[in-house]
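Examination of the molecular architecture
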Amino acid sequence: MSFLWFGDKHRGTPDHATLADPEQFRTRTHKKLDAPDVILPYLARSGFATVARIPHIHIDTSFVMALLERWRPETHTFHFPTGECTITLEDVTMLLGLRVNGNAVAGPTEVDLDMWEEFLGVQPPRTALKGRMVLISWLKSLLANNPVNENSTVGHLTTYTKIFNLLLIGLSLMPGKTSKYVHLMWVPLLQDLDICNTYSWGSAVLAYLYREISKSKIWRKKDRNKDKVKIRDLEKQIANEKAKSSRINEEKARLRAQQRERKGALVPLADCPECKTLIAHCQYLESRIDPEEYF
């Protein structure tokens, strides 16, 4: 399905609607994480309390596809018949309760793997790691196997909250392509709950949303495969035509060279096919004629 910014008009068409295939468009949804009441004060310290209390929301795929079709990456706005609109920092802070001012969410991506043990209190197994990413399902099982209650220590509650915040980022706020792993690069920013609340998480979430919308593809996968096959067949056809043309040019060059050789050199009578035929006829006539009869 063609995006509108590939064309000249900023509106949808019936053809676009018929080409859309909701089955090929997958939204990143997960079962909502329920935050225990005992960690709500710790979530408030880190700045993620409002996000943690948001209930599960059903994703309307058709509505999301309609919005994506009207998205303009040049201006980061949706184009509607009535005008333009977009998602702003005010929307982020009112809906998600995240800070939109403060320190930029930035840092190194090449973080030492030992940081996992310092952050989690345990080193993840190799089966749960993929480069500098860890399986989200393993983090969920870690929380399930180490629940918190009113009798939990401050250290246990703090570690639980940090893991919970990491899951919020990997599942809801800034998920990856597969939504199965979360990257280690977030760990240094979540290590201290008080410092974590000084970052502008709302700005980072909005920038990530803009980038992901601009990168989204909602046309049919099978149509893209057909286009790839057509392009591959066309490339083969062009290559065959070039090879055929090259062989024809080589044959022409060889014939021209033979013609030049024949024009520039005398061919012996014994090597000339026409001369051989004439000589054979003369010999035949000589064998049939008696010289004494005519002379």
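The structure contained in this document is the topic of the report that follows. From a predicted model like this one, the values you see are computed outputs, not experimental measurements.

Before going further, it helps to examine the overall build of the protein chain. Scanning the protein chain for helices and strands turns up 14 helices and 6 strands. Taken across its 295 residues, the protein chain has 28% of its residues classed as buried. Long-range pairs, those at least 24 residues apart, make up 71% of the contacts in the protein chain with a sequence separation of at least 6. Put simply, the protein chain shows about 19800 Å² of open surface, and 55% of that area lies on carbon and sulfur atoms.

In spatial order, the strands read E1-E2-E3; together these 3 strands make up an open sheet with antiparallel pairing. Where the open sheet ends on each side, the last strands, each with one partner, are strand E1 (71-72) and strand E3 (83-85). The pairing of strand E2 (residues 77-80) with E3 spans 3 bridges and is antiparallel. Directly across from His79, in E3, lies its bridge partner Glu84.

Our next topic: the sheet that holds strand E6 (residues 181-183). Taken in spatial order, the 3 strands make up an open sheet running E4-E5-E6, and their pairing is antiparallel. Each edge of the open sheet is held by one strand with a lone partner, namely strand E4 (129-130) and E6. As paired elements, strand E5 (residues 133-135) and E6 share 3 bridges and run antiparallel to each other. Paired with Leu135 across the two strands is Tyr181, which belongs to E6. Taken strand by strand, helix H7 (residues 136-145) contacts E5 and E6, and its axis lies near 60° from that of E5.

Before going further, it helps to examine the packing of H7 against helix H8 (residues 154-173). Two measures define how a pair of helices packs: the angle their axes make with one another and the distance between the axes. Between H7 and H8, the least distance of the axes is 10 Å, while the angle of their chain directions is 150°. Overall, the two elements H7 and H8 adopt an arrangement that is roughly antiparallel. Between H7 and H8 lies a crossing of left-handed hand. Contact residues: H7 offers Ile136, Leu139, Lys140, Leu142 and Leu143, while H8 offers Tyr160, Ile163, Phe164, Leu166, Leu167, Gly170 and Leu171.

With that out of the way, let us pick up the side chain of Thr161. With respect to the helices, strands and loops of the structure, Thr161 is situated in helix H8. A polar contact is formed between the side chain of Thr161 and the backbone oxygen of Leu157, at a distance of 2.7 Å. Sequence-distant contacts of Thr161, that is, excluding residues within four places in its chain, are made with Ile39, Tyr42, Leu43 and Leu193.

Among the nonpolar cores identified, the biggest contains 47 residues, and Phe48, Leu139, Phe164, Trp186, Leu190 and Trp201 are the most heavily contacted of them. Of all the elements in the fold, those that place two or more residues in this core are helix H2 (40-46), helix H3 (49-52), helix H6 (115-120), H7, H8, helix H9 (187-190), helix H10 (193-196) and helix H11 (201-215). Per element, the largest residue contribution to this core is 10 residues, and it comes from H8. Look past the residues within four positions of Leu139 in its chain and what remains in contact with it is Leu120, Val134, Ile163, Leu166, Leu167 and Val182.

Here we come to the pattern of salt bridges. Counted under the stated rule, the structure contains 5 salt bridges. Of the charged contacts, one joins Glu69 and Arg70 as a salt bridge, the two residues approaching to 3.2 Å between their closest N and O atoms. Assessed through its relative accessible area of 7%, Glu69 is described here as buried. Looking at Arg70, the relative accessible area reads 21%, which means it is partly exposed. When the shortest N-O distance is used, the salt bridge between Arg211 and Glu212 registers 3.5 Å. Taken together, the shared-partner salt bridges connect Arg211, Glu212 and Lys215 into one network.

Before going further, it helps to spend a moment on the environment of Ser46. Considering the arrangement of structural elements, one finds Ser46 in helix H2. Measuring from C-alpha to C-alpha, the distance between Ser46 and Lys162 comes to 8.6 Å, with 116 residues separating the pair along the chain. When sequence neighbours within four positions are dropped, the list of residues in contact with Ser46 reads Asn165, Leu193, Cys196 and Asn197. One polar contact links the side chain of Ser46 to the main-chain carbonyl oxygen of Leu43, over a distance of 2.9 Å.

What follows concerns H8. For H8, with 20 residues, the first-to-last C-alpha span of 26 Å sits near the 28 Å given by 1.5 Å per residue. Counting buried residues in H8 gives 14 out of 20 residues, a clear majority hidden from the surface.

Our next topic: the layout of surface pockets. Considered as a void within the structure, the second largest pocket measures approximately 620 Å³ in volume. Lining of the second largest pocket is provided by 28 residues; of these, Met174, Met185, Trp186, Tyr208 and Arg211 occupy positions nearest its centre. Broken down by secondary-structure element, the contributors of at least two residues to the lining of the second largest pocket are H8, E6 and H11. Top contributing element to the lining of the second largest pocket by residue count: H11, with 6 residues.

Analysis parameters
- Residues numbered from 1 in each chain as written.
- Predicted model: local features only at pLDDT ≥ 70, side-chain atom pairs only at ≥ 80, totals over all residues.
- Heavy atoms only, no water.
- Helix = DSSP H or I, 4+ residues; strand = E, 2+ residues; numbered from the N terminus.
- Buried < 20%, exposed > 50% of the residue type's maximum accessible area, 1.4 Å probe, protein only.
- Contact = heavy atoms within 4.5 Å.
- Areas by Shrake-Rupley, 256 points an atom, 1.4 Å probe, with all protein chains shown as cover.
- Pairing = 2+ DSSP bridges.
- Axes fitted to C-alpha atoms, helices over the stretch in contact; angles between N-to-C directions.
- Parallel < 35°, antiparallel > 145°, perpendicular 65-115°, else oblique.
- Left-handed = near helix turned anticlockwise from the far one by under 90°.
- Polar contact = N/O pair within 3.5 Å; in protein donor to acceptor, adjacent residues only side chain to side chain.
- Core = buried A, V, L, I, M, F, W, Y, C linked by side-chain atoms within 4.5 Å.
- Salt bridge = Lys/Arg side-chain N within 4 Å of Asp/Glu carboxyl O.
- Expected span 1.5 Å × (residues − 1).
- 1 Å grid on protein atoms, 1.4 Å probe; cavity = no way out; pocket = protein on both sides within 12 Å on 5 of 7 lines; lining within 4 Å.
- Points joined across faces, edges and corners; volume = space filled by probe spheres on them.

No statement about biological role is implied by the geometric values presented.
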